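Listed below, chain by chain, are the residues.
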Amino acid sequence: MIQVENLFYTYPGNMSPTIKNVNVSIKDGEIFGFLGPSGAGKSTIQKILIGVLKDYQGNVRVLNQDVSKASSQFYRQLGVAFETPNFYQKFTAKENLEFFAGFYNNNRLNVEELLEKVALKDAYNTRVSNFSKGMKMRLNIVRAFLHNPDLIFLDEPTSGLDPVNVKKVKQFLLEQKAKGKTIILNTHNMNVAETLCDRVAFVVEGEINLIDSPKKLKEAFSRNEIAVLYKEAGKENLEYFQMKLLGQNKQFQQILKGDELIKISTVEKTLEDIFVEVTGRELHDSKTN
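Because the structure is predicted, anything quoted here is derived from the model rather than measured.

> What is the right way to look at the side chain of N186 in this model?
Mapping N186 onto the fold places it in strand β8 (residues 182–187). Every residue in contact with N186, bar those within four places of it in the chain, is listed here: F34, K42, S43, Q46, L154, D155, E156 and P157.

> For this particular structure, what's the right way to read the pairing of strand β9 (residues 199–204)?
Look at any regular strand and the pattern is simple: side chains alternate between the two faces of the sheet. Counted residue by residue, β9 has five buried out of six residues, so it is predominantly covered. The pairing of strand β3 (residues 31–35) with β9 spans four bridges and is parallel. Bridge pairing in β9 links F34 to A201. Bridge count for β9 against strand β10 (residues 207–212) is five bridges, and the pairing is antiparallel. Each bridged residue has a counterpart across the sheet, and for V200 the counterpart in β10 is D212. From the end of β9 to the start of β10, which pair antiparallel, there are two residues, and E205 there has a positive phi angle of about 50 degrees.

> Hey, could you run me through the environment of F91 in this one?
By the secondary structure assignment, F91 is in the loop between β6 (78–81) and α3 (93–101). Under the relative-accessibility criterion, F91 is labelled partly exposed at 31%. Here the alpha-carbon distance between F91 and N125, two residues 34 residues apart in the chain, equals 8.8 Å. Not counting the four nearest positions on each side in its chain, F91 is found in contact with N96, T126, R127 and V128.

> Just to check I follow, could you spell out the pairing of strand β11 (residues 225–232) for this structure?
Two strands pair when backbone bridges link them, and β11 and strand β12 (residues 235–242) are joined in this way by eight bridges, in the antiparallel orientation. Bridging from a neighbouring strand, E232 pairs with K235 of β12. The loop that links β11 with its antiparallel partner β12 comprises two residues; one of these, A233, has a positive phi angle of about 55 degrees. Pairing between β11 and strand β13 (residues 261–266): five bridges, direction antiparallel.

> Teacher, can you tell me more about the sheet that holds β10 here?
Sheet strands line up and pair through hydrogen bonds in the backbone, either parallel or antiparallel. Read from one edge of the open sheet, six strands run β6-β7-β8-β3-β9-β10, paired in mixed fashion. On the outer flanks of this sheet lie β6 and β10, each paired with one strand and no other. Each strand of the sheet is rotated relative to its neighbour by a mean of 15 degrees, with strand direction disregarded. Direction of pairing for strand β7 (residues 151–155) relative to β8: parallel, over a ladder of five bridges. Each bridged residue has a counterpart across the sheet, and for D155 the counterpart in β8 is N186.

> Explain the environment of T84 to me, please; I cannot follow it from the model alone.
With respect to the secondary-structure elements, T84 resides in the loop between β6 and α3. Using a relative accessible area of 65% as the deciding quantity, one classes T84 as exposed. Along the chain, T84 and K136 lie 52 residues apart, while their C-alpha atoms are 8.9 Å from each other.

> It is not clear to me how the packing of helix α5 (residues 133–145) against helix α6 (residues 163–178) should be interpreted in this structure. Could you clarify?
Helix-helix packing: each pair is described by the crossing angle between the helix axes and the interaxial distance. Relative orientation of the contacting elements α5 and α6 amounts to 10 degrees, with a least axis distance of 11 Å. Taken together, α5 and α6 sit at an angle that is classed as roughly parallel. For the pair α5 and α6, the contacting residues are R138, I141 and F145 in the first and N165, V169, F172, L173 and Q176 in the second. Among the residues making up the contact of α5 with α6, the classes are represented as five nonpolar, two polar and one charged.

What counts and what doesn't
Residues numbered from 1 in each chain as written. Predicted model: local features only at pLDDT ≥ 70, side-chain atom pairs only at ≥ 80, totals over all residues. Heavy atoms only, no water. Helix = DSSP H or I, 4+ residues; strand = E, 2+ residues; numbered from the N terminus. Contact = heavy atoms within 4.5 Å. Buried < 20%, exposed > 50% of the residue type's maximum accessible area, 1.4 Å probe, protein only. Pairing = 2+ DSSP bridges. Axes fitted to C-alpha atoms, helices over the stretch in contact; angles between N-to-C directions. Parallel < 35°, antiparallel > 145°, perpendicular 65-115°, else oblique. Nonpolar A, V, L, I, M, F, W, Y, C, P; charged D, E, K, R; others polar.

Okay, structure coming up:
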């Protein structure tokens with residue numbers, strides 16, 4: 001679906017490249033995440049992949065086309081939702097989507113069904129000027145899928161959403177993946193990436209530090225330990241034990257016999273923990289893309 005080799009990009013007027021030696025291959029039907037703080041280069045990579053920025057160095061093929069020479073058919077197969085939604089404020093949700101749908105002749109999806117999936121059906125005839133940020137973000141996602149594209153790019157798709165609507169959006173994206181869609185996410189929300197993405201790429205200062213599945217990353221970087229919370233002489237204590245030969249550990253056995261056990265849990269690093277360890281950078285960077 002996407003093949004990127006030795007990609008460099010320098011914005012006009014800049015001395016050094018923003019994107020440096022990026023190599024990535026994305027399979028058909030994947031949900032793939034570019035993860036990193038604001039300013040890492042995620043949005044620049046996305047703009048190259050959708051053909052907005054063309055003066056790059058390297059090879060970039062998307063949907064079997066060189067994006068620097070992309071045809072009109074290429075854009076009919078793409079769906080894009082940028083982080084800042086742009087709608088006609090005096091139009092209703094219905095009017096905005098119908099206007100957008102008018103640019104496409106292929107298999108447009110049912111507007112009302114899509115709005116229902118992201119809990120916007122009741123806002124069908126509401127002017128967008130009355131929408132909250134979260135409602136605009138969900139409408140933005142609907143617009144990206146409306147013309148039934150093969151490849152969809154979403155920039156911070158859960159920004160401004162409450163937990164209930166984050167869950168609805170994630171479910172919607174998984175349903176679309178099940179229909180064969182390839183979805184590319186730009187996000188600094190590691191929970192969203194961990195629960196949605198088949199693979200992720202860590203992006204820092206325009207470079208990709210690592211690419212793998214969230215599951216494999218957690219297996220590779222997490223310690224093979226359990227945490228045991230228990231009481232002793234009325235005081236709570238927390239101890240860590242290696243799972244290997246745990247049944248032979250005398251201290252662990254003694255805690256179990258003491259009948260003061262409160263909780264046993266595995267010790268796992270989050271995707272954010274792993275990102276910080278690998279890149280040395282926090283996700284709440286103050287820069288902007």
